Amino acid sequence: MDFFSVCEPLRGYQGSTFPRFRVRVTGMNLLNCTMRLVLEEKYKPGTSVLVEECFHVQDPDGTDVYQVTLISAVTQHLCGTYNMYFILRDASGFDHKNLVGTLVVLPSPEEDD
């Protein structure tokens, strides 16, 4: 039995702004909770290469969502395959790593300014 869900693998190009990642959270009170996205190099377990805070919003239907956008200034420093961990920290300070996935960042050519 897995204690986490797996999202669909994602791919994008280095230096591109990726579409917003949205994580719906149900079944718990999110008062004083936070979420962060941590990227780990796939072939170097334990190496965190990026930590981005996610922002809590509510959909018009009242569903709680955390979202984060990786902008081009961030992705220009990435290239390779990463494990993504969406980590919810609850009001008691406990971390919940309930959603994981894979992000592949493909190289793109450098442009002359």
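Just so it is clear, the model here is predicted, and its values are computed rather than measured.

**Here we look at the pattern of salt bridges**
Across all of its chains, the model carries four salt bridges by this definition. Between arginine 36 and aspartate 95 there is a salt bridge, and its shortest N-O distance comes to 3.1 Å. Of the two residues, arginine 36 sits in strand β4 (residues 34-41) while aspartate 95 sits in strand β8 (residues 95-106), which places them 59 residues apart along the sequence. Look at arginine 36 and you get buried, because its relative accessible area is 17%. Relative accessible area serves as the criterion here: at 34%, aspartate 95 is assigned to the partly exposed category. Among the salt bridges present, the one from arginine 89 reaches aspartate 95, with a minimum N-O distance of 2.8 Å. Look at arginine 89 and you get partly exposed, because its relative accessible area is 35%. Each of Arg22, Arg24 and Asp59 takes part in a single network of salt bridges with overlapping partners.

**Let's talk about the side chain of aspartate 90**
For aspartate 90, the location among the structural elements is in the loop between β7 (80-89) and β8. Looking at aspartate 90, its side chain comes within polar contact range of the main-chain nitrogen of serine 92, at 2.9 Å. At a separation of 2.9 Å, a polar atom in the side chain of aspartate 90 contacts the side chain of histidine 96. For aspartate 90, the residues in contact, after removing those within four places along its chain, are Met28, Asn32, Cys33 and His96.

**Looking at the side chain of glutamate 40**
Along the chain, the position of glutamate 40 falls in strand β4. For the buried residue glutamate 40, which engages in no salt bridge, the nearest side chain bearing the opposite charge is lysine 42, 8.0 Å off. Within the structure, glutamate 40 has its side chain in polar contact with the side chain of tyrosine 85 (distance 2.9 Å). What glutamate 40 contacts, discounting residues up to four positions off in sequence, is Pro45, Gly46, Thr47, Thr81, Tyr82, Asn83 and Tyr85.

**Some points on the pairing of β8**
The pairing of strand β1 (residues 5-6) with β8 spans two bridges and is classified as parallel. Across the sheet, the residue bridging to serine 5 is leucine 99, located in β8. In this sheet, β8 lies alongside strand β2 (residues 10-13) in parallel orientation, the contact comprising four bridges. The partner of glycine 12 across the bridge, within β8, is valine 105. If you look at the hairpin formed by β7 and β8, you'll find five residues sitting between the two strands, and glycine 93 has a positive phi there, around 90 degrees.

**A closer look at the confidence of the model for the protein chain**
In low-pLDDT regions, the fine details of the predicted coordinates are not to be read closely. With 98% of its residues at a pLDDT of 70 or more, the protein chain shows a mean pLDDT of 92. For the protein chain, β1 is the element with the lowest average pLDDT, namely 90, and β4 is the one with the highest, namely 97.

Each value, and the rule that gives it
Residues numbered from 1 in each chain as written. Predicted model: local features only at pLDDT ≥ 70, side-chain atom pairs only at ≥ 80, totals over all residues. Heavy atoms only, no water. Salt bridge = Lys/Arg side-chain N within 4 Å of Asp/Glu carboxyl O. Helix = DSSP H or I, 4+ residues; strand = E, 2+ residues; numbered from the N terminus. Buried < 20%, exposed > 50% of the residue type's maximum accessible area, 1.4 Å probe, protein only. Polar contact = N/O pair within 3.5 Å; in protein donor to acceptor, adjacent residues only side chain to side chain. Contact = heavy atoms within 4.5 Å. Lys, Arg positive; Asp, Glu negative; His and termini not counted. Pairing = 2+ DSSP bridges. pLDDT = per-residue confidence, 0-100.

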